[in-house]
Amino acid sequence: MELVRIEQLIDKYFEGQTSIAEERELKAYFSSSDVAQHLEQYRDVFGYFTQAKEHQFTKSVPLQPRKQFNVVWLSIAASIVIVFGVVTFRFLGTEEVQPAGELGTYDNPELAMAETQKALDLVSEKLNVGIESVSYINEYESTKNKIFKK
């Protein structure tokens, strides 16, 4: 009866459906001396775990102490970064900002119309470039439809 159970457990083990208790039962069976002749081939599989527990790592691992980065050099580098940031902000970040109440309005209506016309021309120019790109896609579609008839 036990031999039939062991054979069923081996089948379940190789299908990946055994529980931890069943695997312990298989290990105990294959570590004993009375293993059936036709199951001797599985002894190495289950005996490996027992042998692996006995292995010990005996080589020494040389540990080298970590060199601590000198705190003085770290503080000097941080100071240089801060000074560089302040100087950059001071000289490059001094663009004139409009006051909060002024939104770029013009007192002269003709000048306002001219500036608006410039902005609209620029938008129109960029829009026309985009429309020309779409025309290539339409031509590609028509050529594709000629080649691959639906």
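Everything quoted here is computed from the prediction, not taken from an experiment.

**What to know about the nonpolar core**
Then comes step 1: Core analysis: the largest hydrophobic core is formed by ten residues, namely Ile-6, Leu-9, Ile-10, Leu-26, Tyr-29, Phe-30, Val-35, Ala-36, Leu-39 and Phe-46.
Then comes step 2: Only helix H1 (2-15) and helix H2 (20-31) provide two or more residues apiece to this core.
Then comes step 3: Those residues within four positions of Leu-26 in sequence are excluded, and the remaining contacts are Ile-6, Leu-9, Ile-10, Tyr-13 and Phe-46.

**Things to note about the packing of aromatic side chains**
Then comes step 1: Scanning the model with the defined rule gives three aromatic pairs in all.
Then comes step 2: An angle of 80° between the planes, with centres 5.4 Å apart, marks the rings of Tyr-13 and Phe-14 as edge-to-face.
Then comes step 3: Look at Tyr-13 and you get partly exposed, because its relative accessible area is 21%.
Then comes step 4: Residue class for Phe-14 comes out partly exposed when judged on its relative accessible area of 47%.
Then comes step 5: Residues Tyr-29 and Phe-30 carry aromatic rings whose centres are separated by 5.2 Å and whose planes lie at 80° to one another, so their mutual orientation is edge-to-face. In this pair, the class of Tyr-29 matches that of Phe-30, namely buried.

**Focus on helix H5 (residues 109-147)**
Then comes step 1: Taking 1.5 Å of rise per residue, the 39 residues of H5 would be expected to cover 57 Å, and the 57 Å separating its terminal C-alpha atoms lies within 8% of that figure.
Then comes step 2: Measuring from the backbone nitrogen of Glu-110 back to the side-chain oxygen at the start of H5 gives 3.2 Å, which picks out Asn-108 as the cap.

**Examining the confidence of the model for the chain**
Then comes step 1: Model confidence for the chain is summarised by a mean pLDDT of 80, while 86% of its residues fall at 70 or above.
Then comes step 2: The lowest-confidence element of the chain is helix H3 (residues 43-54), averaging 74 in pLDDT; the highest-confidence one is H1, averaging 86.

**Topic: the pattern of salt bridges**
Then comes step 1: Enumeration over the complete set of coordinates arrives at five salt bridges.
Then comes step 2: Across the pair Lys-12 and Glu-22 runs a salt bridge whose closest N-O atoms are separated by 2.9 Å. Of this pair, Lys-12 sits in helix H1 while Glu-22 sits in helix H2, and the two are ten residues apart along the sequence.
Then comes step 3: What makes Lys-12 partly exposed here is its relative accessible area of 29%.
Then comes step 4: Taking relative accessible area as the criterion, Glu-22 reaches 14% and is therefore assigned buried.
Then comes step 5: Across the pair Glu-141 and Lys-144 runs a salt bridge whose closest N-O atoms are separated by 3.6 Å. Taken together, the residues span about one helical turn, with Glu-141 and Lys-144 both in helix H5 at a distance of three residues.

Cut-off values and rules
Numbers given for residues are sequential positions, taken from 1 along each chain in its written order. Two thresholds apply to this predicted model, a pLDDT of at least 70 for residue-level local features and 80 or more for giving and counting side-chain atom pairs, whereas whole-chain, interface and lining totals are computed over all residues. Note that water and hydrogens are dropped before the side-chain values are worked out from all heavy atoms of the structure. Among buried residues, those of type Ala, Val, Leu, Ile, Met, Phe, Trp, Tyr and Cys that are joined through side-chain atoms within 4.5 Å constitute a nonpolar core. Buried residues are those whose accessible area, probed at 1.4 Å on protein chains only, stays under 20% of the maximum for their type, while exposed residues exceed 50% and partly exposed ones sit between those limits. Counting from the N terminus, the helices are the DSSP runs of H or I reaching at least four residues and the strands are the DSSP runs of E reaching at least two. By the convention used here, residues are in contact when the closest approach between their heavy atoms is within 4.5 Å. Ring geometry is summarised as follows: Phe, Tyr and Trp rings, the Trp one being its six-membered ring, pair when their centres sit within 6.5 Å, and such pairs are stacked at plane angles under 30 degrees, edge-to-face over 60 and tilted between the two. Given a helix with a known number of residues, its expected span is that number minus one, times 1.5 Å. Within 3.5 Å is the distance limit for a polar contact, defined as a pair of N or O atoms, with the added protein rule that one can donate a hydrogen and the other accept it, and that residues adjacent in sequence qualify only through two side-chain atoms. pLDDT measures how confident the predictor is about each residue, on a scale from 0 to 100. By definition, a salt bridge exists where a carboxyl oxygen of Asp or Glu is found within 4 Å of a side-chain nitrogen of Lys or Arg.

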